[in-house]
Amino acid sequence: MVARIEANPKYQELKRKRNSFGWLLTILMLIVYYGYIGLIAFDKELLAKPLGEGVTTLGIPVGMGVIVFTIIITGIYVRRANGEYDRLTAEILEDAKQ
């Protein structure tokens, strides 16, 4: 059964799509996260600028943006996994049963 699944072209397609999409999202997350850490390390003054007359600085919404971005790309991956990847997996299993 395992050999039939691994030989199935749909399985190869699933692996390729899942891996490339996973790497794309990983690279995006690393850019956002390390960009934020880079700002903290090299431009503290920018993140320390107050917003308006209050005590909130620019760093707070930027940090929240990193968190929200993480949630959004996780949702994007889950949506794609539950749709396209699950459909391909079901097709692969159906083909392997035959």
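Residues numbered from 1 in each chain as written. Predicted model: local features only at pLDDT ≥ 70, side-chain atom pairs only at ≥ 80, totals over all residues. Heavy atoms only, no water.

Undergrad: Please clarify how the environment of Ala7 should be interpreted in this entry.
TA: Turning to its location among the elements, Ala7 is positioned in helix 1 (residues 2-7). On the accessibility criterion, Ala7 (59% relative accessible area) is exposed. (Helix = DSSP H or I, 4+ residues; strand = E, 2+ residues; numbered from the N terminus. Buried < 20%, exposed > 50% of the residue type's maximum accessible area, 1.4 Å probe, protein only.)

Undergrad: Mind showing me how you'd approach the confidence of the model for the protein here?
TA: In low-pLDDT regions, the fine details of the predicted coordinates are not to be read closely. Of the residues in the protein, 100% have a pLDDT of 70 or more, and the chain-wide mean is 94. Helix 1 is the least confidently modelled element of the protein, averaging 88 in pLDDT, while helix 2 (residues 9-42) averages 96, the highest of any element. (pLDDT = per-residue confidence, 0-100.)

Undergrad: What am I meant to see in the side chain of Lys17 here?
TA: Tracing the backbone through its elements, the reader meets Lys17 in helix 2. Residues contacting Lys17, with those up to four places away along its chain left out, are Glu84, Tyr85 and Leu88. (Contact = heavy atoms within 4.5 Å.)

Undergrad: Just checking my understanding: could you explain the packing of helix 2 against helix 4 (residues 59-97) for this structure?
TA: To characterise two packed helices, one gives the angle between the axes of the helices and the distance between these axes. At a closest axis distance of 10 Å, the pairing of helix 2 and helix 4 adopts a crossing angle of 175°. Judged by the inter-axis angle, helix 2 sits roughly antiparallel to helix 4. The residue inventory of the contact of helix 2 with helix 4, partitioned by class, reads 17 nonpolar, four polar and eight charged. (Axes fitted to C-alpha atoms, helices over the stretch in contact; angles between N-to-C directions. Parallel < 35°, antiparallel > 145°, perpendicular 65-115°, else oblique. Nonpolar A, V, L, I, M, F, W, Y, C, P; charged D, E, K, R; others polar.)

Undergrad: Quick question: what am I supposed to make of the pattern of salt bridges here?
TA: Note that side chains of opposite charge can pair when their charged atoms are close. For the structure shown, the criterion picks out six salt bridges. Lys17 serves as the salt-bridge partner of Glu13, at 2.9 Å between the closest nitrogen and oxygen. Linking Glu13 with Lys17, this pair stays in helix 2, spanning four residues, or about one helical turn. Classification of Lys17 by relative accessible area gives buried; the value is 19%. (Salt bridge = Lys/Arg side-chain N within 4 Å of Asp/Glu carboxyl O.)

Undergrad: Would you mind showing me how to read the packing of aromatic side chains here?
TA: The way to describe two aromatic rings as a pair is by their centre distance and the angle between their planes. Following the criterion strictly, the structure yields three aromatic pairs and no others. Measuring from centroid to centroid gives 6.2 Å for Phe21 and Tyr77, while their planes differ by 15°, and the two rings are stacked. Residue Phe21 is found in helix 2, and its partner Tyr77 is found in helix 4; the two are separated by 56 residues along the sequence. Owing to a relative accessible area of 12%, Phe21 belongs among the buried residues under this scheme. Here Tyr77 falls in the partly exposed class, since its relative accessible area comes to 28%. With a centroid separation of 6.1 Å and an interplanar angle of 55°, the aromatic rings of Tyr77 and Tyr85 are classed as tilted. Residue Tyr85 is classed as buried on the basis of its relative accessible area of 4%. Each member of the aromatic cluster is reached from another via a ring pair, and the members are Phe21, Tyr77 and Tyr85. Against the face of Phe21 rests Arg80, its NZ or CZ located 4.2 Å from the ring centre. (Phe/Tyr/Trp six-rings, centres within 6.5 Å; stacked < 30°, edge-to-face > 60°. Lys NZ or Arg CZ within 6 Å of the ring centre and 35° of its normal.)

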